[in-house]
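Remarks on the overall topology
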Amino acid sequence: MARIAGRSRAPSAPESTGRRPQDRRERPEPERRHGRHGQPRPKRRPWSSLGTRSVAGQVFVLQVVIVLLLVLAVGVETVLQARHDTATEARNRSLAVAETYANSPGIVAALRSPDPTAILQPSAEAARMKAGVDFIVVLDTNSIRYTHPMPDRIGKKFVGTTAPALAGQSITEEVDGTIGHLVQAVVPVTDRDGTVVGMVSAGIRTSRVADTAQRQLPVLLGSAAAALVLATGGAALVSRRLRRQTRGLGPTAMTRMYEHHDAVLHSVREGVLIMDGDGRLLLANDEAGRLLGLPADAEGRHIGELGLDRRVVELLSSGRPVTDELLASGDLLLAVNTRPTDAHGGPPGLVATLRDSTELQALSGKADLARRRLKLLYDAGMAIGTTLDVVRTAQELAEAAVPGFADYVTVDLAEPVLRGEEPGHAAAKLRRAGLSGIHTSQPFYPVGSDVPMIPGTPRARSMERGLPVAESDLTEALSAWMDHDADRVGQVRGQGVHASLAVPLRARGVVLGVATFWRSERPAPFDEDDVWLGEELVARAAVCIDNARRFTREHAMAVTLQHSLLPGGLPEQDAIDVAHRYLPAQAGVGGDWFDVIPLPGARVALVVGDVVGHGVHAAATMGRLRTAVHNFSSLDLPPDELLGLMDDLVNRIDQEQASGGEAPITGATCLYAIYDPVSLRCTVARAGHLLPAVVRPDGTVYFPEVPAGPPLGLVGLPFETAELDLAEGSKLVLYTDGLVEDRDRDIDVGLELLRDALAGTDRTPEQTCADVLATLLPEHPTDDIALLVARTHALPAGRVAEWEVPADPAAVREIRAGVTRRLDEWGLEELSFTTELILSELITNAIRYGVTPIRVRLIHDRTLICEVSDGSSTSPHLKYAASTDEGGRGLFLVAQFAERWGTRYTAEGKVIWAEQHLP
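Everything in this summary refers to the structure shown in the same document. These numbers were taken from a predicted model, which means no experiment stands behind them. (Residues numbered from 1 in each chain as written. Predicted model: local features only at pLDDT ≥ 70, side-chain atom pairs only at ≥ 80, totals over all residues. Heavy atoms only, no water.)

**Describing the overall build of the protein**
When its secondary structure is counted, the protein shows 24 helices and 31 strands. The buried share of the protein, reckoned over its 919 residues, is 43%. For the protein, contacts bridging at least 24 residues in sequence account for 61% of all contacts bridging at least 6. Carbon and sulfur atoms make up 54% of the accessible area of the protein, which amounts to about 47900 Å² in all. (Helix = DSSP H or I, 4+ residues; strand = E, 2+ residues; numbered from the N terminus. Buried < 20%, exposed > 50% of the residue type's maximum accessible area, 1.4 Å probe, protein only. Contact = heavy atoms within 4.5 Å. Areas by Shrake-Rupley, 256 points an atom, 1.4 Å probe, with all protein chains shown as cover.)

**Things to note about helix α15 (residues 486-494)**
For α15, the full list of buried residues reads R488, V489 and V492. Viewed along the axis of α15, the buried residues span an arc of 100°, placing them on a single side of the element. Set apart from the buried face of α15 by more than 90 degrees, the exposed residues are D487 and G494. Those residues of α15 that are buried lie in contact with α14 (475-482). Of the residues trailing α15, G496 is marked for its positive phi of about 80°. (Arc of directions from axis to C-beta.)

**Structural notes on the layout of surface pockets**
The computed volume of the second largest pocket comes to approximately 950 Å³. Lining the second largest pocket we find 31 residues, and of these D676, R904, T906, E908 and V911 sit closest to its centre. For the lining of the second largest pocket, the secondary structure elements donating two or more residues are β19 (668-676), β20 (681-687), β28 (854-860), β29 (863-870), β30 (900-905) and β31 (910-917). Of the residues contributing to the lining of the second largest pocket, the split by class is eleven nonpolar, seven polar and 13 charged. (1 Å grid on protein atoms, 1.4 Å probe; cavity = no way out; pocket = protein on both sides within 12 Å on 5 of 7 lines; lining within 4 Å. Points joined across faces, edges and corners; volume = space filled by probe spheres on them. Nonpolar A, V, L, I, M, F, W, Y, C, P; charged D, E, K, R; others polar.)

**Thoughts on the sheet that holds strand β7 (residues 322-329)**
On the basis of which strands lie adjacent, the open sheet formed by five strands has the order β6-β5-β9-β8-β7 and antiparallel pairing. For this open sheet the edge positions go to β6 (281-284) and β7, each flanked by a neighbour on one side alone. Sheet twist, expressed as the average angle between the axes of neighbouring strands with direction ignored, equals 25°. Relative to β6, strand β5 (residues 271-276) runs antiparallel, the two sharing three bridges. Following the sheet pairing, I274 is matched in β6 by L283. Helix α9 (residues 310-318) rests against β5, β7, β8 (332-340) and β9 (349-356) of the sheet, and its axis sits at about 155° to β7. (Pairing = 2+ DSSP bridges. Axes fitted to C-alpha atoms, helices over the stretch in contact; angles between N-to-C directions.)

**As for the sheet that holds β28**
Pairing within the open sheet is antiparallel, and its five strands lie in the order β27-β28-β29-β31-β30. One side of each edge strand has no neighbouring strand; the edge strands of this open sheet are β27 (800-805) and β30. Strand-to-strand, the axes of this sheet are offset by a mean angle of 15°, without reference to chain direction. Across six bridges, β27 lies against β28 in antiparallel orientation. Looking at the pairing, E804 lines up with R855 of β28. Sheet strands in contact with helix α22 (residues 811-826) are β27, β28 and β29, and its direction is about 175° off that of β27.

**Quick word on the packing of α22 against helix α23 (residues 832-849)**
Where α22 meets α23, the closest approach of the two axes is 10 Å, and the angle between their N-to-C directions is 145°. Taken as a pair, α22 and α23 cross one another with a handedness that is right-handed. Facing V812, I815, R816, V819, T820, L823 and D824 of α22, the residues of α23 in contact are S832, T835, E836, L839, S840, I843, T844 and I847. A class-by-class count of the residues in the contact of α22 with α23 yields seven nonpolar, five polar and three charged. (Left-handed = near helix turned anticlockwise from the far one by under 90°.)

**A short note on empty space enclosed by the protein**
As enumerated under the stated definition, the model contains two cavities of 30 Å³ or more in all. In this model, the largest cavity occupies a volume close to 200 Å³. Along the wall of the largest cavity there are 17 residues; nearest its centre are I454, T457, R459, W481 and W518. Taken together, the elements giving at least two residues each to the lining of the largest cavity come down to α13 (458-465), α14 and β15 (510-519). Top element by residues in the lining of the largest cavity is α14. It accounts for three residues. Taken as a whole, the second largest cavity spans an internal volume of roughly 30 Å³.

**Some words on the pattern of salt bridges**
A complete count under the given rule lists 46 salt bridges for this structure. Two residues, R431 and E415, come together in a salt bridge whose shortest N-O distance is 2.6 Å. Of the two residues, R431 sits in strand β11 (residues 430-437) while E415 sits in helix α12 (residues 415-418), which places them 16 residues apart along the sequence. Through salt bridges with shared partners, one network takes in R373, R519, D527, D529 and D530. (Salt bridge = Lys/Arg side-chain N within 4 Å of Asp/Glu carboxyl O.)

**Quick look at the pairing of strand β24 (residues 722-725)**
Here β24 shows a buried face lined by A722 and L724 and an unburied face lined by E723 and D725. Bridge count between β20 and β24: four bridges; the pairing is antiparallel. The residue bridging T683 from the neighbouring strand is E723, located in β24.

**A closer look at a nonpolar patch on the surface**
Among the surface-exposed residues, V61, V65, L69 and L72 lie close enough to one another that they form a single nonpolar patch of about 360 Å² accessible area. Residue placement: V61 occurs in helix α2 (residues 55-102). Residue classification places V61 among the partly exposed residues on the basis of a relative accessible area of 39%. (Patch = residues over 30% accessible without salt bridge, like charges linked within 9 Å, V, L, I, M, F, W, Y side chains within 5 Å.)

Below you can see the structure in the form of structure tokens.
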């Protein structure tokens, strides 16, 4: 381009007149192919085109010189390398031969023999010939030769360095001997204990090794010559091809090329400017004149004198290179590229190209807007619906649209939706569920407040029609709102809110509420594209809110069911002080439960269980199992037998559900413990449940060894019991795995934390529960947590009376008398008659039908408990005696006078008991 500009300004050139090539009438003649008299020009010989005056000839000569230099460099390097390799090969071969022969079998024995030469000379010569070396010489420690290729030199002193070999080291050296320049190695011969007993020297002439490299030299030189010939021929072909492609580059061809370039320059749809180093315009094509509005005499004038836009002049005068920098010129938006002309040794100056990007910028702006809206939808889809909480989902919708779409967003939901119910038909009371804005101070009703539905406002119209309503002027809407809350309207106006878009929250054909988008700092109102975007945002959020509403409803139903199945309050009893906690998981209610069940004999049963899973199914299964435990505990069974019945029940439930196509119980665990305040003994059995914890009165904690039974439902595997002796004031702690196990914490770590939290004295069960939860409760519980802390009491010895009963009916009178005296001491004289009657019947039955030993125990607790035990396992049954029967009315009388009665079996037999309320 610089040569073109210079040619256009040359005074002697016809192009300097400023006329365009298409206006010129004189055209240069094309290059002729014939001579002056019309005779054909003689053909040039092939090598005549490679003269050094042409570029092609110079390229040819340069390539030949480079190839020659490379061949010479390779030859020199080869010779030097051959010399180095010769010396190295000689050293390696001589050393290897010497070491091999020095370590050969029998050489040490030969050196110590009376005539070493006779033994070693033949083998040394044979080894020399096979190894291809000039000599192998065996020496003694005085450097005297035992062997040599020339026998006359045997017995003479060796010429060379032997001191390192005598020191146990090998040495290689170059020497000039009688046979020429050679390399010899001296290696020690050592005995088993490392003593040097001799030496071996092997040598080879360097000329023998060099012969191999010299034999390769003709091949190398021939290859170099062939490469030189090929390179020369290739250079000749390339040079001829270059001359054919340039077609000689004569003056006529150059003129024609210039005309073509000039025509292209003024016909392209991109402006081109060329300036010199002083900022004067050398060339401007037609497109540049149109884009910048250049005058007709612009060429030759300074760029600052052409009336261009200031930013364009500053950019062109700065001389700095730029790429696609956008500048405004009038109503056009130009993309400018500039490059200096002296970057590669050319004349100083600047080349600039201009491209009209007005329409492209408009299209790019629309594409960028569409991209930002799609990104907003994508980000909103990722941010909305992260939880199944209705209010949180509404707040996520509000936050997702600020500030990318609106300056303020309010989300109002019908009150039934917040409770998980259907919203109904009415435009009933709405409550603010989401609010977000660009400023901290919000001019709208806060979250949680009731929002009035004012007729005629965009929000009301949107709720009535079920369609979005965009309002570019809020004057009328704010006036209607003014009558209800003038202060709030003043705050909205103070924030500059001028436009709104109300979109109903519709899901499955039901309107759940309305989302309103407000603009204050953005001057543009909501257009049709904004309405579409608002509908997409709200439609996605409405589905998430409806899902959260349904979950809220199901969760409320499950919580209600679970609360109805869990114990509403613990029964009154004097055996233990109890505190409990139950915390459902965040994912929903589960199947954990606990219970405290009073048993006959002032005893109490403690139960903790866990049904795997969450939801209504787990809660319902928990209720069935808890009811079953209550029913089985009324039989007053030992813990292992009760768990055996529970195991069979769970198996039958699974079979029923499998036959009905329902999912079986995936897993259920239970721990059942019975504490007796009279004996201070606790009997425990567990079915796949975690070990209980015991806190001694001194504050130390341990986990008793209770045999681990299988989870409920496996059937056939027995359960075992463990008996714990608990001192008065001990705490028995039962819990489920949700307390000690978490996805971020191993169960062993949880058990150690539980031990630390339970350790200590002088804490009530309530305080113990609080401390345990404060230590172990996860931030986001993924499983239910049930915790039961029971502090044991001992029934005073003065409230328990026992008698041994002989197997004699006459002994009943003495027992009745003793019971009467004890009731008088307890202040229970009113119960003497009924107690005597009950004991008389029970003792008489035991004497008549039972097996010794027979015992009577009277317990004064919240009730008066009479117990008669014997060694038989037969159980009496209540029946109605006929009028003619002489007996059979004893248990009937007991049932009439006692509040309740029953039988429990022990390892020694059975116990028949009866309870009476205290007066």
